[in-house]
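Spelled out, the chains give:
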Amino acid sequence: MKTTMSHYKRLLVTTDYSERALVGLEEAAKLASDLGTEVVLAYVVQNRLPPMMLGAGLHWQEMVEKHEATAMEALKECAEAHLPGLDTETVVRVGNPSEAILQLIEEKEVDLLVMASHGYGLVGQIVLGSTTERVLKRATCPVLVVRSRD
């Protein structure tokens, strides 16, 4: 790890394992390497039931717990593959993605958040909402939003 006088000591990078998220992860890896910062790599398991599954009699909590366990293994593999040689902590949370990210900023004393923006456009934001937008409005640290290459 490089020694630097940067005021960025801890960087939080979020992922959903998509190709677009990898662009943000690559940028975060460059920054962390250049600045000598610690990296917190996070994934959020959403704990809301999709409308199509309502009333399906599924054991939702059991599914969330299994997803959480497999997500941690996948996150560790992601860190090894994309953040080699960096001081990295992996964190999986269950909940609303924007709320979980905002909580992690405070809990981990993050100095910079790196997020990939999916760029769904107006219709996508109306239908899906925008985690990035919600985080930008309330984050207590600087946020670097990385757009995908497409």
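Residues numbered from 1 in each chain as written. Predicted model: local features only at pLDDT ≥ 70, side-chain atom pairs only at ≥ 80, totals over all residues. Heavy atoms only, no water.

Side note on the environment of Asn 47
No. 1: Mapping Asn 47 onto the fold places it in the loop between strand 2 (38–45) and helix 2 (60–82).
No. 2: On a C-alpha basis, the gap between Asn 47 and Gly 95 in space is 5.0 Å, while along the polypeptide they are 48 residues apart.
No. 3: Aside from chain neighbours lying at most four places away, what touches Asn 47 is Trp 60, Val 94, Gly 95 and Asn 96. (Helix = DSSP H or I, 4+ residues; strand = E, 2+ residues; numbered from the N terminus. Contact = heavy atoms within 4.5 Å.)

Digging into the packing of helix 3 (residues 97–107) against helix 5 (residues 131–138)
No. 1: Interhelical geometry of helix 3 versus helix 5 gives an angle of 35° and a closest axis separation of 9 Å. Once helix 3 is placed against helix 5, the crossing between them reads as right-handed. Of the residues in helix 5, those touching helix 3 at Pro 97, Ser 98, Glu 99, Ile 101 and Leu 102 are Thr 131, Arg 134, Val 135 and Arg 138.
No. 2: Residue composition of the contact of helix 3 with helix 5, by class: 4 nonpolar, 2 polar and 3 charged. (Axes fitted to C-alpha atoms, helices over the stretch in contact; angles between N-to-C directions. Left-handed = near helix turned anticlockwise from the far one by under 90°. Nonpolar A, V, L, I, M, F, W, Y, C, P; charged D, E, K, R; others polar.)

Observations regarding the pattern of salt bridges
No. 1: For the coordinates displayed, the defined rule picks out 6 salt bridges.
No. 2: Lys 108 is the salt-bridge partner of Glu 89, the closest N and O atoms lying 2.6 Å from each other. Pair noted here: Glu 89 is in strand 3 (residues 88–94) and Lys 108 is in the loop between helix 3 and strand 4 (112–117), with a separation of 19 residues, a long-range link.
No. 3: A residue is classified by how much of its surface remains accessible, and Glu 89, at 33% relative accessible area, is partly exposed.
No. 4: For Arg 93, the salt bridge identified is with Glu 107, shortest N-O distance 2.7 Å. (Salt bridge = Lys/Arg side-chain N within 4 Å of Asp/Glu carboxyl O. Buried < 20%, exposed > 50% of the residue type's maximum accessible area, 1.4 Å probe, protein only.)

Some points on the sheet that holds strand 2
No. 1: Strand order in the open sheet made by the 5 strands is 3-2-1-4-5, with parallel pairing throughout. Edge positions in the sheet fall to strand 3 and strand 5 (143–147), since each of these pairs with one other strand and no more. If you compare each strand with its neighbour and ignore which way they point, the axes differ by 25° on average.
No. 2: Across 7 bridges, the pairing between strand 2 and strand 3 is parallel. Within strand 3, the residue paired with Tyr 43 across the bridge is Val 92.
No. 3: Packing against the sheet, helix 2 makes contact with strand 2 and strand 3, and its axis sits at approximately 160° to strand 3. (Pairing = 2+ DSSP bridges.)

From the geometry alone we can't say anything about function, so treat these as descriptive.
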